[in-house]
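# Commentary on secondary and tertiary structure
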Amino acid sequence: MSLEARHVSHAFGNVTALHEVSLTVPRGRCLALVGESGAGKTTLLRCFNRMVVPSSGEVRVDGADVTMRSAVALRRQVGYVPQHGGLLPHWTVLRNVALVPTLLQQPDAAATASRTLEQVGLSPREFGDRYPDELSGGQRQRVALARAIAAQQDVLLMDEPFGALDAISRAELQTLCAALRQDTGATTLLVTHDVLEADFLADEIAVMRRGRIEQVARLDALIAEPATPYVESLLTRALAGGGRRAVS
């Protein structure tokens with residue numbers, strides 16, 4: 001499924017979060033949204049599962065306006081990984097992963113959840129009966145990722161999924177995510193502060209500032225030909241010293 005925003009604007013009270021934003025993520029591709037805090041990245045991402053209903057403009061999933069579908073049906077079709085996982089704390093790992101297959105009345109939802117846990121590197125026998133507070137941060141994010149893909153969703157929205165992890169866990173989850181994208185072919189929208197993470201996981205990077213998209217391109221093109229002084233400044237700061245740097 002493809003994702004498309006057409007001239008999308010939104011405000012929270014007197015604060016403009018998005019201003020005339022247009023972008024397209026073709027089927028099976030991954031686009032990363034990068035920019036400083038408050039740039040509008042999360043607001044834009046949440047427009048695609050109707051957690052945010054924009055003030056104006058159109059948001060389309062697979063060519064269909066999301067407002068023409070119920071929010072419940074849309075969210076069962078679109079996988080979503082929030083920053084801190086969003087797992088239900090009173091449910092076991094296996095039940096969390098089986099959530100969407102169960103709601104969709106898919107047969108053998110528990111077996112599907114077990115297979116998906118294996119996909120993300122967690123043994124169902126060891127982890128299936130645990131609760132989220134019995135897991136490490138990296139394990140919780142693996143479970144959140146498993147829940148987002150368990151029903152074989154064609155779209156995956158990821159909002160800073162690795163931002164709260166230590167460096168080792170973060171690198172492991174990035175590698176896992178890249179492999180899962182290859183396996184599933186899900187169209188993916190990723191929010192991250194990490195420019196090098198965006199380059200590793202995404203086909204293109206969209207640089208956002210104050211609710212607008214400044215430029216969309218591969219990292220090497222952004223570096224070679226920044227469209228605005230802001231893009232040049234952001235990349236200079238983010239890549240200073242050649243190390244992995246977050247934009248904040």
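Rules behind the numbers
- Residues numbered from 1 in each chain as written.
- Predicted model: local features only at pLDDT ≥ 70, side-chain atom pairs only at ≥ 80, totals over all residues.
- Heavy atoms only, no water.
- Pairing = 2+ DSSP bridges.
- Helix = DSSP H or I, 4+ residues; strand = E, 2+ residues; numbered from the N terminus.
- Axes fitted to C-alpha atoms, helices over the stretch in contact; angles between N-to-C directions.
- Contact = heavy atoms within 4.5 Å.
- Parallel < 35°, antiparallel > 145°, perpendicular 65-115°, else oblique.
- Left-handed = near helix turned anticlockwise from the far one by under 90°.
- Nonpolar A, V, L, I, M, F, W, Y, C, P; charged D, E, K, R; others polar.
- Buried < 20%, exposed > 50% of the residue type's maximum accessible area, 1.4 Å probe, protein only.

Note on sheets: strands pair through backbone hydrogen bonds, and any given pair is parallel or antiparallel. Reading across from one edge, 6-7-8-3-9-10 is the order of the six strands in this open sheet, with mixed pairing throughout. Of all the strands in the sheet, the pair left with one neighbour each is strand 6 (78-81) and strand 10 (212-217). The average angle at which neighbouring strand axes cross in this sheet is 15°, direction not considered. Sheet topology note: the strand 6/strand 7 (residues 155-159) ladder contains four bridges and is parallel. Within the sheet, the bridge partner assigned to tyrosine 80 lies in strand 7 and is leucine 157. In the packing of helix 11 (residues 229-238) onto the sheet, contacts are made with strand 9 (204-209) and strand 10, and the angle to strand 9 comes to roughly 110°.

Our next topic: the packing of helix 7 (residues 137-149) against helix 8 (residues 167-184). Look at helix 7 against helix 8: their axes get within 11 Å of each other, and the N-to-C directions meet at 15°. As summarised for this structure, helix 7 and helix 8 are arranged roughly parallel, according to the angle between their axes. Crossing handedness for the pair helix 7 and helix 8: right-handed. Here Gly138, Gln141, Arg142, Leu145 and Ile149 of helix 7 come into contact with helix 8, specifically with Glu172, Leu173, Leu176 and Leu180. Split by residue class, the contact of helix 7 with helix 8 holds five nonpolar, two polar and two charged.

Once that is clear, we can look at the pairing of strand 4 (residues 56-61). Relative to strand 4, strand 1 (residues 3-12) runs antiparallel, the two being bridged by five bridges. Residue pairing across strands places leucine 3 opposite valine 61, the latter belonging to strand 4. Pairing analysis gives two bridges linking strand 4 to strand 5 (residues 64-65), with the strands arranged antiparallel. By the bridge assignment for strand 5, valine 61 is matched with alanine 64. The antiparallel pairing of strand 4 with strand 5 creates a hairpin that spans two residues between the two strands, and aspartate 62 there sits at a positive phi of about 55°.

A few words now on the sheet that holds strand 1. Here four strands make up an open sheet; going across it, the order is 2-1-4-5 and the pairing antiparallel. Among the strands making up the open sheet, the edge pair consists of strand 2 (15-25) and strand 5.

Next up on the list: unusual backbone geometry. Note: most residues except glycine have negative phi, and most peptide bonds are trans. For glutamate 20, which is not glycine, the phi torsion reads 55° and is therefore positive. Mapped onto the fold, glutamate 20 is located in strand 2. For glutamate 20, a relative accessible area of 43% corresponds to the partly exposed category.

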